[in-house]
Amino acid sequence: MSEKKHPLPAGVGVVVVAAGSGQRLGQGIPKARVLCGGRTLLQRSLDAVIASGVATHVVVVLPQDDAVLAAVVSDAARRTGGPAIVAVTGGTTRTASVRAGLDALPPPTAVVLVHDAARALTPPDVFRRVAEAVAAGAPAVIPVLPVVDTVKVVDGDVVTATPDRGGLRAVQTPQGFDAAALRAAHAAGGPADPAVTDDAMLMEAHGATVRVVEGDPLAFKITTPLDLVVAEAVLARDPAASRIAG
Ligand SMILES: Nc1ccn([C@@H]2O[C@H](COP(=O)(O)OP(=O)(O)OP(=O)(O)O)[C@@H](O)[C@H]2O)c(=O)n1
Ligand SMILES: C[C@](O)(CO)[C@H](O)COP(=O)(O)O
């Protein structure tokens, strides 16, 4: 998976979805507010977006009336000499939150990257790799890693198949898109369908070719308490683990 460098267009928007409640992490506060190595997951994610240098506009999608996270966004907006950063309120599904973010991007946006705040240690290089692949002409680009476990298909408690894992990939964010194509796919899809777990699925359903680029182990999603332990351990060992100052 070697990607040729391609100049980025003038309008690259990044939608950072941070409106989830973090039920599986179980800390009783929205996950984006949870501290990891002394900084919130949202701060770490925004640091990576800014450090990547790809964004002209950043829209951060927050839980309703979350003053703590709104302050994180205002602070990032004040500190950066780079992209404009604004906050909007999300919806009850990830897809609805992405759509709220898309609606807030200015019209000249040619390329949009959608990123989970929960992937707080994502290295800036991944943003650039994805953005460059979209700029090179792919309507949809996702970072992936090989699947290391054997995967089974089950029906209840019975295994019905063992897919060839050589053809399977674990999917990460940021996912990058031609902005007009992503808007069209969202307009055609339903924001309330919980079976839609990423934006690439909407693009696939809309008939677009989705290309893959190399992901990064550090772009793992902090979903469960164990993930947070791993993230803390990574930062304790190397505070610049995501290639930005901790
Ligand atoms: N209604 C939602 C649901 C999710 N997200 C965001 O989508 C990303 C991926 O979701 P996940 O990590 O699964 O977060 P939660 O939905 O918060 O987790 P859980 O399912 O455990 O509650 C996260 O950055 C989350 O904030 C969002 O913006 N709006
Ligand atoms: C978008 C995503 O992070 C890609 O791996 C993932 O699909 C989000 O889904 P989840 O149900 O919130 O884990």
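These numbers were taken from a predicted model, which means no experiment stands behind them.

Cut-offs applied
Residues numbered from 1 in each chain as written. Chains lettered and ligands numbered in written order. Predicted model: local features only at pLDDT ≥ 70, side-chain atom pairs only at ≥ 80, totals over all residues. Helix = DSSP H or I, 4+ residues; strand = E, 2+ residues; numbered from the N terminus. Rg over C-alpha atoms; globule rule 2.2 N^0.38 Å. Buried ≥ 20, exposed ≤ 12 C-beta atoms within 10 Å, placed from the backbone. Contact = placed C-beta atoms within 7 Å. Pairing = 2+ DSSP bridges. Near = placed C-beta within 6 Å. Nonpolar A, V, L, I, M, F, W, Y, C, P; charged D, E, K, R; others polar. Core = buried A, V, L, I, M, F, W, Y, C linked by C-beta atoms within 7 Å. pLDDT = per-residue confidence, 0-100. Expected span 1.5 Å × (residues − 1). Arc of directions from axis to C-beta.

**Looking at the overall build of the protein chain**
Okay, step 1: In terms of helices and strands, the protein chain carries seven helices and 12 strands.
Okay, step 2: Taken over the C-alpha trace, the protein chain has a radius of gyration of 17 Å; the compact-globule value for 246 residues is 18 Å, and the two agree within 12%.
Okay, step 3: If one aligns the C-alpha atoms of the protein chain with their principal axes, the spans along those axes are about 55 × 40 × 35 Å.
Okay, step 4: Relative to its 246 residues, the protein chain shows a buried fraction of 43%.
Okay, step 5: Nonlocal contacts in the protein chain, meaning residues at least 24 apart in sequence, comprise 75% of its contacts between residues at least 6 apart.

**Notes on the pairing of strand S7 (residues 140-146)**
Okay, step 1: In the sheet, S7 pairs with strand S11 (residues 175-178) via two bridges, with the strands oriented antiparallel. Looking at the pairing, Val 141 lines up with Gly 176 of S11.
Okay, step 2: Two strands pair when backbone bridges link them, and S7 and strand S12 (residues 210-214) are joined in this way by five bridges, in the parallel orientation. Paired with Val 141 across the two strands is Arg 211, which belongs to S12.
Okay, step 3: Sheet topology note: the S7/strand S10 (residues 169-171) ladder contains three bridges and is antiparallel. Within S10, the position partnered with Pro 146 by the bridge is Arg 169.

**Some thoughts on the site of ligand 2**
Okay, step 1: Around ligand 2, the surrounding shell consists of Arg 94, Asp 116, Val 171, Gln 172, Thr 173, Thr 197, Asp 198 and Lys 221.
Okay, step 2: For the shell around ligand 2, the per-class residue count stands at one nonpolar, three polar and four charged.

**So, the nonpolar core**
Most often, soluble globular proteins keep nonpolar side chains buried together rather than apart.
Okay, step 1: In terms of nonpolar packing, the biggest core is built from 64 residues, with Val 15, Val 16, Ala 18, Val 60, Val 61 and Val 112 touching the most fellow members.
Okay, step 2: By residue number, the principal contributor to this core is helix H4 (residues 124-135), which donates seven residues.
Okay, step 3: Beyond its immediate stretch of four places on either side in the chain, Val 61 contacts Val 15, Val 16, Val 17, Ala 18, Ala 19, Val 88, Gly 90, Ser 97, Ala 100 and Gly 101.

**Points about the pairing of strand S1 (residues 12-17)**
Sheet faces and side chains relate simply in a regular strand, where the side chains alternate between the two faces.
Okay, step 1: A large share of S1 lies buried, amounting to six of its six residues.
Okay, step 2: Taking every second residue as pointing to the same face, both faces of S1 are buried, with Val 12, Val 14 and Val 16 on one and Gly 13, Val 15 and Val 17 on the other.
Okay, step 3: Alignment of S1 against strand S6 (residues 111-116), held across six bridges, turns out to be parallel. Counterpart to Val 12 in the pairing with S6 is Val 111.
Okay, step 4: With five bridges connecting them, S1 and strand S4 (residues 57-62) associate as parallel partners.

**A short note on the site of ligand 1**
Okay, step 1: Taken together, 22 residues are adjacent to ligand 1, and Ala 19, Gly 20, Gln 23, Arg 24 and Ser 97 come closest.
Okay, step 2: A per-class count over the shell around ligand 1 returns seven nonpolar, 10 polar and five charged.

**Focus: the confidence of the model for the protein chain**
Okay, step 1: On average, residues of the protein chain score 93 in pLDDT, and 96% of them reach the 70 mark or higher.
Okay, step 2: This prediction of the complex comes with two scores: 0.95 for pTM and 0.98 for ipTM.

**Overview of helix H3 (residues 94-103)**
An α-helix turns once per 3.6 residues; consequently, residues spaced three or four apart project the same way.
Okay, step 1: Counting buried positions along H3 gives eight out of 10 residues, so the element sits mostly inside the fold.
Okay, step 2: On its buried side, H3 packs onto S1, S4, strand S5 (84-89), S6, helix H5 (179-188) and helix H6 (199-205).

**Remarks on helix H7 (residues 225-237)**
Okay, step 1: Its 13 residues place the ends of H7 19 Å apart at the C-alpha level, agreeing with the 18 Å of an ideal helix rising 1.5 Å per residue.
Okay, step 2: Buried within H7 are the following residues: Leu 228, Ala 231 and Leu 235. The arc that holds every buried residue of H7, seen down its axis, measures 60°, which confines them to one face. Relative to its buried face, H7 has exposed residues pointing more than 90 degrees away, namely Leu 226, Val 229, Ala 233, Ala 236 and Arg 237.
Okay, step 3: Those residues of H7 that are buried are in contact with strand S2 (35-36).

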